[in-house]
Protein chains: 4
Amino acid sequence: MKHIYERQVYYYETDRMGIVHHSNYIRWFEEARMLYLKNIDVDYRILEDMGILVPVLSVSSKYRKSFTYGDTFRVESHCTFFNGFKFDYEYKVYNVQTGELCNTGTSSHCFLTKDMKPLNVKKTYPQLFEKLDKGYREQL
Amino acid sequence: MKHIYERQVYYYETDRMGIVHHSNYIRWFEEARMLYLKNIDVDYRILEDMGILVPVLSVSSKYRKSFTYGDTFRVESHCTFFNGFKFDYEYKVYNVQTGELCNTGTSSHCFLTKDMKPLNVKKTYPQLFEKLDKGYREQL
Amino acid sequence: MKHIYERQVYYYETDRMGIVHHSNYIRWFEEARMLYLKNIDVDYRILEDMGILVPVLSVSSKYRKSFTYGDTFRVESHCTFFNGFKFDYEYKVYNVQTGELCNTGTSSHCFLTKDMKPLNVKKTYPQLFEKLDKGYREQL
Amino acid sequence: MKHIYERQVYYYETDRMGIVHHSNYIRWFEEARMLYLKNIDVDYRILEDMGILVPVLSVSSKYRKSFTYGDTFRVESHCTFFNGFKFDYEYKVYNVQTGELCNTGTSSHCFLTKDMKPLNVKKTYPQLFEKLDKGYREQL
């Protein structure tokens, strides 16, 4: 089961080099991640309203081919680890016009309370755990 | 009394046209405004901790000459109106290397409580009113 | 004839106040403008490949209601002036969930050659003039 | 020999979580890298005027502690590899107020001609090679 996010490059995402600035891929990963969560019926806004924060522990990104204005990108995202405390993602970014794999990336996340304390999702929010765990297992 | 904010253009602020993307000037105005507040001894972070929000009601920007990577800009900001409920700013953006006036702008703001209700600064925070009013009058 | 652009707010577009940072509306206007051009069969990337630049002369934005993560916005854009040298736009930004008009804005643009010289589109690119003029007149 | 870059967090760099959005660290690395180059007498704008592009091959970032508006950050950057074709950087981001190490990161870069072809800096631009190599060796 693949989670696919697709949109056009915005002009303001490009830089003087004529290509998409490398920092924007980190934002694209977030856009894709939010769609992944929505796909498994987890609304990030509701998470925040429940007092749950999901900060980023680490990100990485490898740039093979650039994008520019006029291109459409597709991010295939994949949850590679989940244990109720932390979860990891992998991203593959394709150029829709050429089909080429242009960028790969990863990110790691944890769950915190509003006071920035670690959260055991399984114990505190068993329903949420169920959804995240099911989403993760369906991809294995 | 002039309030002057100066820094170099960042590479990521440029776009495919080779110049600073026009949306970034709105961010430069904010940077300059925050310095103005600091100059008159008002710390925006402390305002927020007190539960005061200062949203933007309107902005405008006129582009005469562009900036690009390698340029240094200077924003001269000026409070043009303050009555305890609202305040207005004017911005002039100069190229430090050439001395040219490259951009002019304005912004209007109000004061809100955390519940997004209008705030009478004079009544609720007389000390803050004093500082903002003094800053405004010193420029007249 | 209305030109409608719609998408969800991205998390990274919000700020500490909990709402979309005001600078992002200027970017949304650009996204909407690019769609408008596409709708009238003008591809901005091809314009640039032809050596035509369309810089921004001015922008303005009025903020009535804020957006936050979880909201979907709709920009209705409208070309209010075109004479082959310059053109103006108006934008109305609605909250799709509530139907409320949350922001209004304007922008003005001109046409330049790659050497940053004014361009008479009607004379130099009559086919392009035709499309832009038709798009403009269809809205009157 | 340490290369140190320091500035305040901008309000627009924060997000709804109340902290600096994680994508902005990638931009801070670029700001620090540009200062490093300046420190070793390499002006990136002149590089581009010479037809040299320095794209990013990869980035990574680990988030230990967050920053928010009101904080000042200090990036210590370090060139960890240089051979005339590629170079690598390491970044350590400290909170100036607390002295804490809040973020670490890396980036890898290559040199390209304007036609996006690999560039042998040593052969084509021996003077530039000298500066980059000296900068790299001085840190060992």
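Conventions we followed
Residues numbered from 1 in each chain as written. Chains lettered and ligands numbered in written order. Predicted model: local features only at pLDDT ≥ 70, side-chain atom pairs only at ≥ 80, totals over all residues. Heavy atoms only, no water. Pairing = 2+ DSSP bridges. Helix = DSSP H or I, 4+ residues; strand = E, 2+ residues; numbered from the N terminus. Axes fitted to C-alpha atoms, helices over the stretch in contact; angles between N-to-C directions. Contact = heavy atoms within 4.5 Å. Buried area = accessible area lost by both parts, 1.4 Å probe. Salt bridge = Lys/Arg side-chain N within 4 Å of Asp/Glu carboxyl O. Nonpolar A, V, L, I, M, F, W, Y, C, P; charged D, E, K, R; others polar. Least-squares fit on C-alpha atoms with pLDDT ≥ 70 in both. Expected span 1.5 Å × (residues − 1). Buried < 20%, exposed > 50% of the residue type's maximum accessible area, 1.4 Å probe, protein only. Phe/Tyr/Trp six-rings, centres within 6.5 Å; stacked < 30°, edge-to-face > 60°. Arc of directions from axis to C-beta. Polar contact = N/O pair within 3.5 Å; in protein donor to acceptor, adjacent residues only side chain to side chain.

**Student:** Describe the sheet that holds strand β5 (residues 86–95) of chain D, listing the residues and the values that go with them.
**Tutor:** Spatially, β1(A)-β4(A)-β5(A)-β6(A)-β3(A)-β3(D)-β6(D)-β5(D)-β4(D)-β1(D) is the arrangement adopted by the 10 strands of the open sheet, whose pairing is antiparallel. Each having just a single partner strand, β1 (3–8) of chain A together with β1 (3–8) of chain D make up the two edges of the open sheet. In this sheet, neighbouring strand axes are inclined to one another by 15° on average, regardless of whether the strands run parallel or antiparallel. This element, helix α1 (residues 23–39) of chain D, spans β1, β3 (56–63), β4 (72–82), β5 and β6 (101–110) of chain D of the sheet and lies at about 135° to β1(D).

**Student:** Account for the interface of chain D and chain A, naming residues and giving values.
**Tutor:** Counting residues at the interface gives 27 residues for chain D and 27 residues for chain A. For the pairing of chain D and chain A, the buried interface totals around 2,200 Å² over both sides, and the portion due to carbon and sulfur atoms is 55%. Our count for the contact surface shared by chain D and chain A stands at two salt bridges. Among the ionic pairs, A:Glu48 bridges to D:Arg16, the shortest N-O distance being 2.7 Å. Of all elements in the fold, only α1, α2 (44–49) and β3 of chain D reach the threshold of two or more residues within the side of chain D that touches chain A. Here the side of chain D that touches chain A takes eight residues from β3(D), the largest share from any one element. When grouped by side-chain class, the residues that make up the side of chain D that touches chain A number 12 nonpolar, seven polar and eight charged. Alignment of strand β3 (residues 56–63) of chain A against β3(D), held across five bridges, turns out to be antiparallel. Within β3(D), the residue paired with A:Val59 across the bridge is D:Ser61.

**Student:** Now, about the relation of the copies chain D and chain A: what can you tell me, with residues and values included?
**Tutor:** After a rotation of 180° and a shift along the axis of 0.0 Å, chain D superposes on chain A with an RMSD of 0.0 Å. What the rotation and shift describe, once combined, is the action of a two-fold rotation axis. Minimal C-alpha distance to the rotation axis in chain D is attained by D:Ser60, lying at 2.0 Å. When the interface residues of chain D are mapped onto chain A, 100% of them again fall at the interface, so both copies present the same face.

**Student:** Requested: an account of helix α1 (residues 23–39) of chain B, with residues and values cited.
**Tutor:** All names here are of chain B. Helix length check: α1, at 17 residues, gives a terminal C-alpha distance of 25 Å against a target of 24 Å (1.5 Å per residue), a fit within 8%. Extensive coverage of α1 is indicated by the burial of 14 of its 17 residues. Just downstream of α1, Asp 41 is the residue with a positive phi angle, here 70°.

**Student:** So what about the pattern of salt bridges? Which residues, and what values?
**Tutor:** Counting across every chain of the model gives 36 salt bridges over all chains. Members of the salt-bridge network, linked through shared partners, are A:Arg7, A:Glu13 and A:Glu31.

**Student:** How would you sum up the packing of aromatic side chains? Please name residues and give values.
**Tutor:** All names here are of chain B. Enumeration according to the criterion identifies 76 aromatic pairs over all chains in this entry. Seen from their ring centres, Tyr 36 and Tyr 89 are 5.1 Å apart, and the 85° between their planes marks the pair as edge-to-face. Taken together, the residues span a long stretch of sequence, with Tyr 36 in helix α1 and Tyr 89 in strand β5 (residues 86–95) at a distance of 53 residues. This pair shows no difference in class: Tyr 36 is buried, exactly as Tyr 89 is. Summarising the aromatic geometry, the rings of Phe 82 and Phe 111 are spaced 6.3 Å apart at their centres and angled 85° between planes, so their arrangement reads as edge-to-face. Note that Phe 82 is positioned in strand β4 (residues 72–82) and Phe 111 in the loop between β6 (101–110) and β7 (112–113), a separation of 29 residues in sequence. Under the relative-accessibility criterion, Phe 82 is labelled buried at 5%.

**Student:** Break down helix α4 (residues 126–139) of chain D for me, with residues and values.
**Tutor:** Residues and elements named next belong to chain D. With 14 residues, α4 should reach 20 Å at 1.5 Å per residue; the first-to-last C-alpha distance of 20 Å fits that figure. Those residues of α4 that sit buried are Leu 128, Phe 129, Leu 132, Asp 133, Gly 135, Tyr 136 and Gln 139. Along α4, the residues classed as buried sweep out an arc of 155° about the axis, all on the same side. In α4, those exposed residues whose orientation departs by more than 90 degrees from the buried face are Gln 127, Glu 130 and Lys 134. Check the buried side of α4 and you find it contacts β1, α1, α2, β2 (52–53), β4 and α3 (121–124).

**Student:** Break down the interface of chain C and chain A for me, citing the residues and quoting the values.
**Tutor:** With 19 residues of chain C in contact, the opposing surface of chain A contributes 19 residues. Here chain C packs against chain A, burying approximately 1,700 Å² in sum over the two surfaces, 50% of which is carbon and sulfur. Of all residues in chain C, C:Tyr12, C:Arg45 and C:Tyr69 bury the most surface against chain A, accounting for 36% of the area lost on that side. Where chain C meets chain A, there are two salt bridges. Here A:Asp71 makes a salt bridge to C:Arg45, at a shortest N to O gap of 3.1 Å. Here chain C and chain A share 17 residue pairs in polar contact (both at pLDDT 80 or more) between them.

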